[in-house]
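Geometric and topological summary
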Amino acid sequence: MSSFKPKLGDGSIILPQARVKMIMKSSPDTESISTDALYFVTKATEFFVEHLVQEIYESTGKSNELTYKGLADIVQKSDSMHFLKDMVPRKITYKEYQEILKEKENSDLF
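First, a word on what this report is: a plain description of the structure on this page. (Residues numbered from 1 in each chain as written. Predicted model: local features only at pLDDT ≥ 70, side-chain atom pairs only at ≥ 80, totals over all residues. Heavy atoms only, no water.)

**Side note on the overall build of the chain**
Going by this rule: Every helix listed is a DSSP run of H or I at least four residues long, and every strand listed is a run of E at least two residues long, numbered separately from the N terminus. Between buried and exposed lies partly exposed: a residue is buried under 20% and exposed over 50% of the maximum accessible area for its type, with that area taken using a 1.4 Å probe on protein chains only. Whether two residues are in contact is decided by their heavy atoms, any of which lying within 4.5 Å being enough.
Helix and strand counts for the chain stand at four helices and zero strands. The order of helices and strands in the chain, counted from the N terminus, is α-α-α-α. For the chain, with 110 residues in total, the buried portion stands at 16%. Sequence separation of 24 or more characterises 28% of the internal contacts of the chain that already satisfy a separation of 6 or more.

As structure tokens, then:
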């Protein structure tokens, strides 16, 4: 486990700005990105991830384990995470998937 602990409130960032800038530039609407905009988007992303992890932590009974299931549960239950529902679906078994398809076929017949 990493021993790096950033100081709160010192303005430092953890995420690599080069990666954030690359993601921002992938939008066809983006021509240039100011240094301030890059800093604030990076910081906002860090705050979002921190908030998401805190939500998962609280919903899993304060478990020290971050799992995909915990993430998917929060995304599916929380209205504020609605925009992530297609990106982070709950995992289902093949058998459950077959049952969903059967139900859909039956409902399409009526």
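**Overview of the packing of helix H2 (residues 35–59) against helix H3 (residues 68–77)**
This is how the line gets drawn: Orientation is described by axes fitted as lines to C-alpha atoms, over the contacting stretch for helices, and by angles from 0 to 180 degrees between their N-to-C directions. Working rule for angles: under 35 degrees goes down as roughly parallel, over 145 as roughly antiparallel, 65 to 115 as roughly perpendicular, anything else as oblique. Polar here means any residue outside two lists: the nonpolar Ala, Val, Leu, Ile, Met, Phe, Trp, Tyr, Cys and Pro, and the charged Asp, Glu, Lys and Arg; Gly therefore counts as polar.
Relative to each other, H2 and H3 sit at 100°, their axes nearing to 9 Å. Taken together, the axis directions place H2 and H3 in an arrangement best described as roughly perpendicular. The residues of H3 that touch H2, namely those facing Leu52, Glu55, Ile56 and Ser59, are Gly70, Leu71 and Ile74. For the contact of H2 with H3, the residue count by class is four nonpolar, two polar and one charged.

**Re the packing of aromatic side chains**
The cut-off we apply is this: Each pair of aromatic rings taken from Phe, Tyr and Trp, with Trp reduced to its six-membered ring, is defined by centres within 6.5 Å and is described as stacked if the planes are under 30 degrees apart, edge-to-face if over 60, and tilted in the remaining cases.
Applying the stated criterion across every chain, the model contains two aromatic pairs. Consider the rings of Phe48 and Phe83, whose centres lie 6.1 Å apart with planes at 45°: the pair is tilted. Of this pair, Phe48 sits in helix H2 while Phe83 sits in the loop between H3 and helix H4 (94–109); the two residues are 35 residues apart in sequence, bridging distant segments of the chain. Since its relative accessible area comes to 30%, Phe48 is described here as partly exposed. Its relative accessible area of 54% is what places Phe83 among the exposed residues.

**A few points about a nonpolar patch on the surface**
We apply this condition: Patch definition: residues above 30% relative accessible area lacking any salt bridge, with like charges linked at up to 9 Å and the nonpolar side chains Val, Leu, Ile, Met, Phe, Trp and Tyr linked at up to 5 Å. Using a 1.4 Å probe, the Shrake-Rupley method yields the accessible areas, and only the shown protein chains count as cover for residues. We define a salt bridge as a contact between a side-chain nitrogen of Lys or Arg and a carboxyl oxygen of Asp or Glu at a distance within 4 Å.
Where nonpolar side chains cluster on the molecular surface, the patch consists of Ile92, Tyr94, Tyr97, Ile100 and Leu101 and spans about 510 Å² of accessible area. Turning to its location among the elements, Tyr97 is positioned in helix H4. Using a relative accessible area of 41% as the deciding quantity, one classes Tyr97 as partly exposed.

**Observations regarding the environment of Lys69**
Checked against the element boundaries, Lys69 lands in helix H3. Sequence-wise, Lys69 and Val88 are 19 residues apart; in three dimensions their C-alpha atoms are separated by 9.5 Å.

**Re the packing of helix H1 (residues 17–25) against H2**
Running from amino to carboxyl end, H1 crosses H2 at an angle of 100°, the nearest separation of the two axes being 10 Å. Regarding the angle of H1 to H2, the classification is roughly perpendicular. Contacts between H1 and H2 involve Gln17, Val20, Lys21 and Met24 from the first element and Leu38, Tyr39, Val41 and Thr42 from the second. In terms of residue class, the contact of H1 with H2 is built from five nonpolar, two polar and one charged.

**A look at the nonpolar core**
The cut-off we apply is this: Residues belong to one nonpolar core when they are buried, are Ala, Val, Leu, Ile, Met, Phe, Trp, Tyr or Cys, and are joined through side-chain atoms within 4.5 Å.
Grouped together as the largest cluster of nonpolar side chains are eight residues: Leu52, Ile56, Ala72, Ile74, Val75, Met81, Leu84 and Val88. For this core, the secondary structure elements donating two or more residues are H2 and H3. In terms of residues, this core owes the most to one element, H3, which gives three residues. Not counting chain neighbours up to four residues away, the residues in contact with Met81 comprise Phe48, His51, Leu52, Ile74 and Val75.

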